[in-house]
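In case you want the letters, here they are:
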Amino acid sequence: MTPTAASTVAPRVAENLNRALHRLFDREERLYLLGEDLLDPYGGAFKITKGLSSRFGERVMATPLSEGGILGVAGGLALCGNEVIVEVMFGDFLALGFDQVLNFASKSVSMYGRRVPIPLVVRCPVGGNRGYGPTHSQSPQKHFVGIPNLALYELSPFHDAEAVLHTALQRGAPAILFEDKVLYTRRMYQENRVDDAYRYRITGSGLGWAHAFPDGEADSADFVVVAPGGVTHRALDAARALREAHGRSVHVVTPAQLHPLDIEPVLPLLASAGRVAVVEEGTAGGTWGSEVARVVHERIWSSLSGPVLSFSSADSIIPTAGHLERGVLLGADDIREGIRRAAGWGDALRETVQLGPTPDEAAAVETAAAGATTPVTVPKLNNNDETYLVADWLVDEDAWVEPDTEVVALDTSKAQADIATSGSGYLRRVAAVGDELAVGDVLGYLLPERAPRAAPEQDRPARPAQSAEQDRQAEPIRPLTGDASEEDLPVAVHRLDRAQQGTAAVVAKSHREVPAGFTLVKAQVDDVLDRLDRLSDESGAALGLAEAVVKAVADAQPDFPRFFGSLVDDRTVALADAPHVAVTVDVDGSLYVPVVTRAHERSLEDIADTLMDFRMKALGKEFAAHELTGGNIAVSLNPDPGVVLVQPLVLWPQLCMVSVGAVGEECRIDEAGVAQRCRFVHIGLAYDHRVVNGRDAVLFLTRIRAALEEPAQLGGELTWTTA
């Protein structure tokens, strides 16, 4: 297939794994795949096997719900000279097939008086942080460490999945590939780059170890974290935080093969650093991490300046509720704080967030206990922002607050932080939702007694003088909690959550500042919908009109650059280097507008995966701040049946938003006088009339309509390829 621009974007880990399976099946004629719900169009619970049954139907077998039976059949196929890959839907269920792994497949290699090849790989999605609950979120790696002839691998964003699977099959002995589910939607690292600050290299022969390090510091480490693939991102987040807070060089090393353990390639790095931590998501006790610690201690104990640290998840079942699950599973903060304390690098919490009581704050607490007030002030949350926005009050006015209670949420340029108190008292608010405050500004007070008066007005940040009408227009939308007494409220009320309050603020600002025009066109979409159906059947991806519109909008950027710009002043438009298309996702009364970055380089399949990921994150309210920023044009999707006209709102500082209504049907008379049923959709464009004129809007919409009505005319087949 001819390369496309999409090849410049790193594939997602799931996409890399799917392509690896396709390539292996292309090469190996005796390779079989077994598992539950593998057949298209479903393609497995996590879509890793999509497209395989359509291409290799006789060798891709959907099985009954019996892990013991699946692994027994797979072991028999391998024993008869075939190569076999098994997908266990959730790694937790591998316990049901443990006997076939322990007592048949692994032993059959060497218990017949000669070596018998058993080329069998068992793929297991593992890990939590997805809200799947106690029996679908475990990391069972430790239960398989040390079984003779059984090799263990773990998926990573550094190691190509095809190389891992090929190596595992070529061993001629059974292997398990553990795949942390949170990796599936993340992108592979490539070109020896993790991000702008971190690089990586592969150390050792074969699959080797990935060694990630701060740029320019490959050979000098203060601490090395040994992390299997599933916790790589958490280890890197901890390393970045320690570097920012303490200037320390923390490296991360990740193997592709867990067992048998080959520690040799990274021993020189571990010895030179002298401090080592091993992190894993499973619970402590008889783990792979403890085996690493034992071997490292035996091999380089004289070079270590402290014991090898081990970090695991809590000794608990894994809850379904997100906040409880996060409290059980190992996180980046656990790694960061554990290393900081062991290394004696000072108080990271104070240096990076400054939430704990300083000596001055402790004195203030004592003063408050004696009858004075204690201020709640804005801490320094990062080195990027000079001010923060009050997003939400978490505690009611005049409520009693205990020490370390989170009382207010502040928005930064990167994320939202909940601010805790250092003392106790009755909360009296000073700042309002929507206020922009600097470090040290007063948010509120903790009072020894309830007081009817407001906190001192002079502590409220000064605002420029404005008219009453300006003040009314600029008034932020505030949550009901705290802004009205319970006695004043109606019997039935609806309280806006934080996401909806954020939407309200953006909408209000856009209405005030953007003079919008609106143009609407009607497009016939029979051809593109039929083409998308065919591509869906071929690829296993669920492709629809939304993906086609996002792609068409992105592809128009070179010819309509102003539509993707932003106003610098009344005469200047900053033009974007690439189309970053924001897409509306409306779930449970909350509107999110996450961004498909560099959408012109994405395949339709990749865009479909990204939009599905957005919908799942919206359901769990799990968006990171960076996913909701950076868009330079937006698409409003309104697929509910019967929706004909949608007039969208331009989201400041963008200049345009495209709207798409529901697909409708109508009858038309063709040239032969025969009535034909056809499908259509209305596509609208709201635009900043200061930059875009009506004629330009018509030309832009005509371009989008042409892409949908006759997609082959715009970029040919490659415009719509899923590869």
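Just above, that's the structure.
Quantities reported herein were computed from a predicted structural model and do not represent experimental measurements.

*Asks:* Describe empty space enclosed by the protein, naming the residues involved and giving the relevant values.
*Replies:* Inspection of the entire model under this criterion finds 3 cavities of 30 Å³ or more. Computed from the structure, the largest cavity encloses a volume of approximately 160 Å³. Looking at the largest cavity, it is lined by 16 residues, and the ones nearest its centre are Ser139, Gln141, Glu280, Glu281 and Gly282. Sorting elements by how many residues they give to the lining of the largest cavity places strand E12 (residues 276-283) first, with 4 residues.

*Asks:* Give a description of the nonpolar core that names residues and reports values.
*Replies:* Soluble, globular proteins show a tendency: their nonpolar side chains are buried together. Counting residues in each nonpolar core, the largest one holds 84 residues, and the members touching the most others are Val86 and Leu270. Ranked by residue count, the leading element in this core is helix H1 (residues 13-27), at 7 residues. Discounting residues that sit within four places of it in the chain, Leu270 has contacts with Val224, Val226, Ile263, Arg275, Val276, Val296 and Ile300.

*Asks:* Tell me what's going on with the sheet that holds strand E6 (residues 175-180), and back it up with residues and numbers.
*Replies:* Judged by pairing direction, the sheet is mixed, and its 7 strands sit side by side in the order E2-E1-E3-E4-E6-E5-E11 without closing on themselves. The outermost strands of the open sheet, each flanked by one partner alone, are strand E2 (60-62) and strand E11 (257-259). Taking each pair of neighbouring strands and ignoring which way they run, the sheet shows an average axis angle of 20 degrees. Here strand E5 (residues 151-154) runs beside E6; their pairing, made up of 4 bridges, is parallel. By the bridge assignment, Tyr153 is partnered in E6 with Leu177. Each of strand E1 (31-35), strand E3 (83-87) and strand E4 (120-126) touches helix H3 (residues 67-79); the most contacted strand, E3, lies at about 165 degrees to it.

*Asks:* Any chance you could break down the pairing of strand E15 (residues 387-393) for me, citing the residues and the numbers?
*Replies:* In terms of burial, E15 is largely enclosed, as 5 of its 7 residues are buried. When E15 meets strand E20 (residues 436-438), the two strands line up antiparallel, connected through 3 bridges. Bridge pairing links Thr387 to Ala438 in E20. Pairing geometry for E15 and strand E17 (residues 406-411), over 4 bridges, is antiparallel. Bridge pairing in E17 links Asp392 to Ala409.

*Asks:* Would you mind going over unusual backbone geometry in detail, with residue names and values included?
*Replies:* Along the chain, Asp40 connects to Pro41 via a cis peptide bond; the corresponding omega equals 10 degrees. By the secondary structure assignment, Pro41 is in the loop between E1 and helix H2 (52-55). Although it is not a glycine, Lys47 adopts a positive phi angle of roughly 65 degrees. Topologically, Lys47 is positioned in the loop between E1 and H2. According to the relative accessible area criterion, Lys47 is partly exposed, its value standing at 34%. A positive phi angle, close to 45 degrees, is found at Arg598, a residue other than glycine. Mapping Arg598 onto the fold places it in the loop between strand E28 (595-596) and helix H17 (604-620).

*Asks:* Requested: an account of the environment of Ser272, with residues and values cited.
*Replies:* Inspection of the secondary structure assignment puts Ser272 in helix H7 (residues 267-273). Within the structure, the side chain of Ser272 is placed 2.8 Å from the backbone oxygen of Leu269, a separation counted as a polar contact.

*Asks:* How would you summarise helix H6 (residues 232-246) if you had to cite specific residues and measurements?
*Replies:* Working note: α-helix, 3.6 residues per turn, so residues spaced by three or four point in the same direction. Taking 1.5 Å as the rise per residue, H6 with 15 residues should run 21 Å; its terminal C-alpha atoms sit 21 Å apart, in good agreement. Every buried residue of H6 is accounted for by Thr232, His233, Arg234, Ala235, Leu236, Ala238, Ala239, Leu242, Ala245 and His246. In the segment just after H6, Gly247 is the residue with positive phi, at about 70 degrees.

Definitions and limits used
- Residues numbered from 1 in each chain as written.
- Predicted model: local features only at pLDDT ≥ 70, side-chain atom pairs only at ≥ 80, totals over all residues.
- Heavy atoms only, no water.
- 1 Å grid on protein atoms, 1.4 Å probe; cavity = no way out; pocket = protein on both sides within 12 Å on 5 of 7 lines; lining within 4 Å.
- Points joined across faces, edges and corners; volume = space filled by probe spheres on them.
- Helix = DSSP H or I, 4+ residues; strand = E, 2+ residues; numbered from the N terminus.
- Core = buried A, V, L, I, M, F, W, Y, C linked by side-chain atoms within 4.5 Å.
- Buried < 20%, exposed > 50% of the residue type's maximum accessible area, 1.4 Å probe, protein only.
- Contact = heavy atoms within 4.5 Å.
- Pairing = 2+ DSSP bridges.
- Axes fitted to C-alpha atoms, helices over the stretch in contact; angles between N-to-C directions.
- Polar contact = N/O pair within 3.5 Å; in protein donor to acceptor, adjacent residues only side chain to side chain.
- Expected span 1.5 Å × (residues − 1).

Everything listed here is a matter of coordinates, which is why it stays silent on function.
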